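Residue strings, one per chain:
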Amino acid sequence: QVQLAESGGGFVQAGGSLRLSCAASNSIFSNKIMGWYRQAPGKQRESVATITNGGLTHYADSVKGRFSISRDIARNTVSLQMNGLKPEDTARYYCGTSTSTYSGLVSSINYWGQGTQVTVSS
């Protein structure tokens, strides 16, 4: 079993920045893919950014050029730097991982953190 703990959410004005961190209980090299996902009220959970254990990244079109995912293997941590935040980025952000596949689809994630709230005001 893998435990994931998110931190770094908060309130920010449009155009501001936040950095989210996800601490895993295991070696993240053992996880085939890790990522950040978000869910706003009344909407489905969606992928924001993912990174494989080989370092390959993928971003949702809506965040390309604004968000960046990175990892610290020694500290078992994956981070999401969010710049140029917009009100439509408001959501609860979840860290997720698949230990068995390289798919970053929500349906492929087998471990989730509790989430951290990001609220962007206009």
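No experiment lies behind these values; they were computed from the predicted model shown. (Residues numbered from 1 in each chain as written. Predicted model: local features only at pLDDT ≥ 70, side-chain atom pairs only at ≥ 80, totals over all residues. Heavy atoms only, no water.)

**Focus on the overall build of the protein chain**
The helix and strand inventory of the protein chain stands at 0 helices and 11 strands. Along the protein chain, helices (α) and strands (β) appear in the sequence β-β-β-β-β-β-β-β-β-β-β when read from the amino end. The C-alpha radius of gyration computed for the protein chain amounts to 13 Å, which stays within 12% of the reference 14 Å derived for 122 residues, consistent with globular compactness. For the C-alpha atoms alone, the extent of the protein chain along its principal axes is close to 40 × 30 × 25 Å. When each of the 122 residues of the protein chain is scored for burial, the buried share is 43%. Long-range pairs, those at least 24 residues apart, make up 58% of the contacts in the protein chain with a sequence separation of at least 6. Total accessible area on the protein chain stands at roughly 6200 Å², and carbon and sulfur atoms take up 48% of it. (Helix = DSSP H or I, 4+ residues; strand = E, 2+ residues; numbered from the N terminus. Rg over C-alpha atoms; globule rule 2.2 N^0.38 Å. Buried < 20%, exposed > 50% of the residue type's maximum accessible area, 1.4 Å probe, protein only. Contact = heavy atoms within 4.5 Å. Areas by Shrake-Rupley, 256 points an atom, 1.4 Å probe, with all protein chains shown as cover.)

**Comments concerning the nonpolar core**
Core analysis: the largest hydrophobic core is formed by 28 residues, its most contacted members being Trp 36, Leu 80, Met 82 and Tyr 93. Listing elements by their share of this core, those giving two or more residues are β3 (18–24), β4 (33–39), β5 (46–52), β7 (67–72), β8 (77–82), β9 (91–98) and β11 (116–121). Here this core gets 4 residues from one element, more than from any other, and that element is β3. In this view, Tyr 93 contacts Glu 6, Leu 20, Trp 36, Tyr 37, Arg 38, Val 48, Phe 67, Leu 80, Met 82, Gly 115, Thr 116 and Val 118; residues no more than four positions away in its chain are not counted. (Core = buried A, V, L, I, M, F, W, Y, C linked by side-chain atoms within 4.5 Å.)

**As for the state of the cysteines**
The final tally for this structure, using the stated rule, is 1 disulfide. At a sulfur-sulfur separation of 2.0 Å, the disulfide partner of Cys 22 is Cys 95. Judged by the sign of its S-S torsion, about -75 degrees, the cystine formed by Cys 22 and Cys 95 is left-handed. Highlighted residues: Cys 22 in strand β3 and Cys 95 in strand β9, separated in sequence by 73 residues. Owing to a relative accessible area of 0%, Cys 22 belongs among the buried residues under this scheme. (Disulfide = S-S within 2.5 Å.)

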